[in-house]
Amino acid sequence: MAPVVAGADATPLNVDEFEAYARTYLPKKTLDYYVSGADDMVTLKENRAAFTRLKLMPRVLRDVRHIDTATTLLGQPVATPVCIAPSAMQRMAHPDGELASSAAAAAQKTCFVLSTISTTSIEDVAASNGAGLRWYQLYIFKDRELTRDLVVRAEKAGYKALVLTVDTPILGSREADLRNGFALPRHLTMANFTGGKHAHRVNEVGLSQYTKELFDLNITWDDVAWLKSITSLPIVVKGVLTPEDAVLACDVGCQGILVSNHGARQLDTVPATIEALPAIVQAVAGRAEVYLDGGVRRGTDAFKALALGARAVFLGRPTLWGLAHSGQQGVEDVLKMVTSELAHAMMFSATTSIAEIGPNYVRHEAYFRSPSKL
Ligand SMILES: Cc1cc2nc3c(=O)[nH]c(=O)nc-3n(C[C@H](O)[C@H](O)[C@H](O)COP(=O)(O)O)c2cc1C
Ligand SMILES: CCCCCCC(=O)C(=O)O
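Residues numbered from 1 in each chain as written. Chains lettered and ligands numbered in written order. Predicted model: local features only at pLDDT ≥ 70, side-chain atom pairs only at ≥ 80, totals over all residues.

1. Here's the deal with the site of ligand 2
Right, on to step 1. Contacts to ligand 2 come from A88, I117, T168, L171, L207, Y210, T211, H262 and R265.
Right, on to step 2. Class assignment of the residues belonging to the shell around ligand 2 gives a composition of five nonpolar, three polar and one charged. (Near = placed C-beta within 6 Å. Nonpolar A, V, L, I, M, F, W, Y, C, P; charged D, E, K, R; others polar.)

What follows is the structure, encoded as structure tokens:
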């Protein structure tokens, strides 16, 4: 693909231009790992296409002098509902890796979620983003003592919620990674697992083998109950795509549900998250906060997700592209860009606060073909 931007100093104007930069300058193995979806990548395309099938229904002639994108997540204030999803191994994109992303989130007063599979430790990230809102993404390992240890460390380091990823019993099949023999480069480490018996290395074995060896195929809702019993942090369950599981998550006491298909990297041909969202919001009926990730690239995407009941959206690849472009500054630029596009969508739709954005502001394109049937 030809670069859209002229070079390192040209400032991209949108997320796609950040991606174009990353596609040009990242090493192939890294780029393929970041960019890929599972199998035929049907869901990867759907995550984007489904947003374009939704049309905005703006209202007019209201006072739009003051647009406020601020909201709260589990009671914590944020300046924008555009947050950072957990992405593994960020030092492959930039030497500052997770330190840069978490500092960017803090500077933009939004939420950063640290991946368990990070190349910077729980404690080092905490030190770098000070008072910024941080959540910790957790996998439940076969070794429950190790899992408990991660939870204790996250709590102690001031993370405000646990984001339990539940869509990864095994790693999705990303064929480019298989072809490339993808593994963490030798100069980087799994920073949360460097000492003693908990030392984990994915430099030799690769992610797929790592998952097979250490992840538990027998994780159930009982384990979520166990997790609740060992922590006072709220639990957000990440990777829910059906109303049935959303209800079970509420029943077991999860305070948040992140509607996610893992950026289309796990089971291919599952629905786009924006299409799975409305039924989940309806089933949850206010018992938990509902968030969305997957394919959010524009402020209008964020607006549509909020209109359909998400409290916030999380960006995965876009912040990796910002990181690859210019470290903390690039991540900040991506967050600012999508937030400012959201503010524009709000102004054009005559909604001045996040709370005003409701389902009347979007319609599926099918409506315009046969409005009487919908
Ligand atoms: C390179 C990469 C690494 C990821 N690593 C993790 C991870 O460690 N834990 C996790 O729960 N999700 C992980 N995800 C999924 C993201 O949290 C998120 O669900 C997804 O990227 C959102 O879709 P988007 O990339 O289209 O914004 C990863 C995604 C990517 C692209
Ligand atoms: C160690 C394997 C778990 C997956 C880590 C990263 C991830 O979630 C991804 O999508 O890649």
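2. Let's talk about the nonpolar core
Right, on to step 1. Counting 106 residues, the largest nonpolar core has V237, I257, V259 and V313 as its most contacted members.
Right, on to step 2. Take this core: its biggest share by element is twelve residues, from helix α13 (residues 317–349).
Right, on to step 3. In this structure, V313 is in contact with P81, V82, C83, Y291, L292, D293, V296, A302 and A305, ignoring residues within four places of it in sequence. (Core = buried A, V, L, I, M, F, W, Y, C linked by C-beta atoms within 7 Å. Buried ≥ 20, exposed ≤ 12 C-beta atoms within 10 Å, placed from the backbone. Helix = DSSP H or I, 4+ residues; strand = E, 2+ residues; numbered from the N terminus. Contact = placed C-beta atoms within 7 Å.)

3. A look at the environment of A154
Right, on to step 1. Checked against the element boundaries, A154 lands in helix α6 (residues 144–156).
Right, on to step 2. On the basis of neighbour counts, which here come to 26 C-beta atoms within 10 Å, the residue A154 falls in the buried class.
Right, on to step 3. Separated by 26 residues in the primary sequence, A154 and S128 place their C-alpha atoms 14 Å from one another.
Right, on to step 4. Ignoring sequence-local partners within four residues, the contact set of A154 consists of I122, Y136, Y159 and L162.

4. A closer look at the UniProt feature "active site" (unreviewed entry) in the protein chain
Right, on to step 1. When the UniProt feature table is mapped onto this chain numbering, "active site" (unreviewed entry) sits at H262.
Right, on to step 2. Take H262: it is sitting in the loop between β9 (256–259) and α11 (273–284). (UniProt positions renumbered as here; feature names shortened; annotations may be inferred.)

5. With respect to the packing of helix α4 (residues 97–107) against helix α5 (residues 122–129)
Right, on to step 1. It is the contact of α4 with α5, at a shortest axis distance of 8 Å, that shows an interaxial angle of 35°. The handedness of the crossing between α4 and α5 is right-handed. Residue-level inspection shows E98, L99, S102, A103, A105 and A106 of α4 in contact with α5, the latter providing D124, V125, S128 and N129.
Right, on to step 2. Within the contact of α4 with α5, the residues separate by chemical class into five nonpolar, three polar and two charged. (Axes fitted to C-alpha atoms, helices over the stretch in contact; angles between N-to-C directions. Left-handed = near helix turned anticlockwise from the far one by under 90°.)

6. Some words on the UniProt feature "binding site: glyoxylate" (unreviewed entry) in the protein chain
Right, on to step 1. Those places that UniProt annotates as "binding site: glyoxylate" (unreviewed entry) correspond, in this numbering, to Y33, Y139, R174, S260, H262 and R265.
Right, on to step 2. Its place among the elements puts R174 in the loop between β7 (162–165) and α7 (175–180).
Right, on to step 3. If near-sequence neighbours (up to four positions away) are discounted, R174 is found in contact with S36, A38 and R265.
Right, on to step 4. Positionally, S260 belongs in the loop between β9 and α11.

7. Details of α5
Right, on to step 1. All buried positions along α5 are accounted for by I122, V125, A126 and N129. The arc that holds every buried residue of α5, seen down its axis, measures 100°, which confines them to one face.
Right, on to step 2. Looking one or two residues beyond α5, the residue adopting positive phi is G130, at roughly 50°. (Arc of directions from axis to C-beta.)

8. Overview of the site of ligand 1
Right, on to step 1. Not every one of the 23 residues close to ligand 1 is listed here, only the nearest: A85, S115, T165, G263 and G316.
Right, on to step 2. Residues of the shell around ligand 1, tallied by class, amount to eight nonpolar, eleven polar and four charged.

9. Focus on the pairing of β7
Right, on to step 1. Neither face of β7 is left uncovered, since the one carrying L162 and L164 and the one carrying V163 and T165 both have all their residues buried.
Right, on to step 2. Direction of pairing for strand β6 (residues 133–138) relative to β7: parallel, over a ladder of three bridges. Bridged to L138 within β7 is L164.
Right, on to step 3. Across four bridges, β7 lies against strand β8 (residues 235–240) in parallel orientation. (Pairing = 2+ DSSP bridges.)

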